[in-house]
Amino acid sequence: MRFVFIIMTLAATAFASAQDFNEYFTDRTLRIDYIFSGNTARQDISVANIYSMPHWYGKRKRLGDIPLEGNGQITMRIHNRDSVIYRNSFSTLFQEWLSYDEAKTEKRSFENVFLMPMPKDTVDITIDLRDNRRQISATLTHTVAPDDILIRHTGERHVTPYETILQAADTTRCIHVAFVAEGYTAEEMPIFIKDAREATEAIFSHEPFKSSREKFNIVAVKAPSEESGTSEPAEGIWKNTALNSNFDTFHSDRYLTTLNLFKLHDLLAGTPYEHIIILVNTDKYGGGGIFNSYVLSAAHHTMSKPVIVHEFGHSFGGLADEYAYDFEQLPVYPHDIEPWEPNITTLTDFSGKWEEMINADTPVPTPANGNIDTIGIYEGAGYSINGVYRGAQDCRMRSNETGEFCPVCRMALEKLINFYAK
């Protein structure tokens with residue numbers, strides 16, 4: 001039975017990979033807002049809103065393929081058939097919250113938004129969440145009929161003003177990124193545009209982005225806030241900003257996020273975007289990045305540029321953190337399960353990662369001394385001192401003081417860029 005299931009899955013994937021975009025989709029975006037809720041004992045998924053937006057800015061080839069597994073997946077199928085016509089993967093702040101002790105006793109809900117090409121006919125959409133053992137922990141399948149009169153049209157009028165920061169060589173086959181202003185008043189928009197340009201140059205000073213610059217189209221969306229800055233709950237400071245972002249997420253002082261994803265995508269409706277970088281008008285250190293969701297970073301701290309590059313490694317590249325804490329081990333990655341992230345391993349199933357980059361005479365684990373450029377298997381990554389490994393002694397995903405992504409991360413990012421834009 002398992003063999004038959006695998007054959008059916010491979011057939012569905014091959015169908016989606018070979019299909020013609022125009023046969024199944026129109027040049028519009030289907031936006032679906034979900035509520036993820038629950039705790040460690042049980043998670044639930046609910047549909048909140050469904051929108052139609054002009055134009056589609058995501059992939060048009062390999063529609064059923066995903067380059068990275070993620071902590072969840074969303075799949076579109078032809079109604080009442082197994083034929084996959086679109087799939088994408090993601091991670092969420094909700095799933096991160098589930099790793100905290102609070103989630104053992106309390107229940108919370110989180111907003112999440114996913115973009116898909118607008119189908120021509122009725123489809124079934126399945127969204128699932130996966131735990132840190134890569135098992136499905138919650139799933140929902142629902143039907144969307146594109147001619148449903150209750151699908152709200154948005155992004156056709158009153159579009160948030162934006163400027164193009166970097167234009168791709170071919171805007172029909174590229175990676176679309178939008179910077180969004182947070183905590184900038186209308187009068188401060190020239191500062192935001194300057195910050196967005198500087199952040200763009202910071203990202204594209206690093207390989208492999210530097211060599212792939214022409215494959216990216218980047219805009220800066222001028223979302224005005226009533227007040228400058230962002231909220232700092234530990235200081236009793238609460239600001240009225242476009243996205244109501246705040247420090248102290250999960251009581252971590254430097255963790256700067258927003259929970260208002262519905263509002264975020266409202267502000268982006270009608271602009272050319274798929275990946276999102278939110279710049280926050282503050283000089284306090286902090287930020288965060290969530291795979292295929294968003295980057296949010298302080299714009300004016302002395303370390304803001306390396307932080308933005310690091311967080312883009314998370315949100316765009318699906319790269320894991322390569323550092324570990326001396327004072328604790330966070331149980332994010334079980335040591336008997338191989339992480340899906342391409343730049344760390346537990347050696348449970350290392351095949352297909354960076355083994356071909358390691359010389360035959362390099363010891364495993366690899367001692368962190370000698371030639372700093374040696375690619376190996378270094379213990380200490382994914383917040384764990386022991387049992388989780390990285391490929392290089394240092395990397396942009398390990399420390400702010402390191403100038404570049406290590407060769408392992410560069411390889412992973414290059415594969416991803418080619419997946420979307422080659």
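Just above, that's the structure.
Below: a short report on this structure. Residues take numbers from 1 onward in each chain, read along the sequence in its written order. Where totals are concerned, whole chains, interfaces and linings use all residues; where local detail is concerned, this predicted model gives features only for residues with pLDDT of at least 70, and gives and counts side-chain atom pairs only at 80 or more. As a convention, hydrogens and water are excluded, and side-chain values are obtained from all of the structure's heavy atoms.

Helix and strand definitions here come from DSSP, where helices need a minimum of 4 consecutive H or I residues and strands a minimum of 2 consecutive E residues; each element is numbered from the N-terminal end. When you line up the elements, serine 91 lands in the loop between strand S4 (84–90) and helix H3 (93–97). Exposure is judged per residue with a 1.4 Å probe applied to protein chains only, and the accessible area is read against the type maximum: over 50% gives exposed, under 20% gives buried, and values in between give partly exposed. Assessed through its relative accessible area of 9%, serine 91 is described here as buried. Between N or O atoms, a polar contact is any pair within 3.5 Å; within protein, one atom must be a potential hydrogen donor and the other a potential acceptor, and residues adjacent in sequence are included only when both atoms are from side chains. Polar contacts involving the side chain of serine 91 include one to the side chain of asparagine 71, which spans 3.0 Å. By the convention used here, residues are in contact when the closest approach between their heavy atoms is within 4.5 Å. Setting aside anything within four residues of it in sequence, one finds serine 91 in contact with Gly70, Asn71, Ile290, Phe291, Ser293 and Trp340.

A few words on the sheet that holds strand S14 (residues 294–298). Should DSSP find at least two bridges between two strands, the strands are regarded as paired. The 6 strands are arranged S9-S11-S10-S12-S14-S13 in an open sheet whose pairing can be described as mixed. Lying at the two open borders of the sheet, with one neighbouring strand each, are strand S9 (162–166) and strand S13 (287–290). The mean inter-strand angle of the sheet, taken between neighbouring strand axes irrespective of direction, is 20 degrees. Here 4 bridges tie S13 to S14, and the two strands are oriented antiparallel to one another. Residue pairing for S14: glycine 287 is matched across the bridge by serine 297. The axes are straight lines fitted to the C-alpha atoms, using for helices just the contacting stretch, and the angles between their N-to-C directions are given from 0 to 180°. The strands that helix H7 (residues 304–315) touches are strand S10 (175–182), strand S12 (275–280), S13 and S14; relative to S14, the one it contacts most, it runs at about 165 degrees.

The sheet built from 3 strands is open, its strands ordered S15-S17-S16 with antiparallel pairing. What marks the edges here is a single partner per strand, and that holds for strand S15 (344–345) and strand S16 (378–381). Sheet topology places S16 next to strand S17 (residues 384–390); 3 bridges connect them, and they run antiparallel. Note on S17: the bridge partner recorded for glutamate 379 is tyrosine 389.

Its 12 residues give H7 an end-to-end C-alpha distance of 16 Å, which sits within 8% of 16 Å, the value for a rise of 1.5 Å per residue. The buried fraction of H7 amounts to 11 of the 12 residues, a majority that puts the element mostly inside the structure. Of all the residues in H7, the buried ones are Ser304, Pro306, Val307, Ile308, Val309, His310, Glu311, Phe312, Gly313, His314 and Ser315. Against the buried residues of H7 lie S10, helix H5 (189–203), S12, S13 and S14. Expected helix span is given by 1.5 Å per residue-to-residue step, counting one fewer step than there are residues.

So, about the side chain of asparagine 217. Structurally, asparagine 217 is set in strand S11 (residues 216–221). Excluding residues within four positions of it along the chain, asparagine 217 makes contact with Leu166, Gln167, Ala168, Thr171, Cys174, Ile175, His176 and Val177.

Ranked by size, the top nonpolar core spans 60 residues in total, and within it Tyr34, Phe36, Met76, Ile125, Val180, Ile278 and Tyr294 carry the most contacts. Here this core takes 6 residues from strand S5 (residues 108–119), the largest share from any one element. For the purposes of this section, nonpolar cores are sets of buried Ala, Val, Leu, Ile, Met, Phe, Trp, Tyr and Cys residues that join through side-chain atoms within 4.5 Å. Core analysis: the next-biggest nonpolar cluster, separate from the first, contains 48 residues, Val309, Ile377, Cys409 and Ala421 among them.

Let's shift gears to the packing of aromatic side chains. When the centres of two rings from Phe, Tyr and Trp lie within 6.5 Å, Trp using its six-membered ring, the rings pair. Their planes under 30 degrees apart give stacked, over 60 give edge-to-face, and anything left gives tilted. A complete count under the given rule lists 27 aromatic pairs for this structure. Geometrically, the ring pair formed by phenylalanine 94 and phenylalanine 110 is tilted, given 5.6 Å between the ring centres and 50 degrees between the ring planes. Of this pair, phenylalanine 94 sits in helix H3 while phenylalanine 110 sits in strand S5, and the two are 16 residues apart along the sequence. As far as the burial class goes, phenylalanine 94 and phenylalanine 110 line up, both buried. Ring geometry for phenylalanine 316 versus tyrosine 420: centroids 6.4 Å apart, planes at 45 degrees, classification tilted.

On to the environment of tyrosine 389. Tracing the chain through its elements places tyrosine 389 in strand S17. Overall, tyrosine 389 belongs to the buried group, its relative accessible area being 11%. Every residue in contact with tyrosine 389, bar those within four places of it in the chain, is listed here: Asn343, Ile344, Thr345, Thr346, Leu347, Trp354, Pro365, Ile377, Tyr378, Glu379 and Ala381.

Mapped onto the fold, valine 123 is located in strand S6 (residues 123–130). Assessed through its relative accessible area of 2%, valine 123 is described here as buried. Counting along the chain gives 63 residues from valine 123 to alanine 186, while the straight-line C-alpha distance between them is 41 Å. Ignoring sequence-local partners within four residues, the contact set of valine 123 consists of Met76, Arg77, His79, Ile85, His142, Thr143 and Val144.

None of the figures reported here should be taken as evidence of function without further support.
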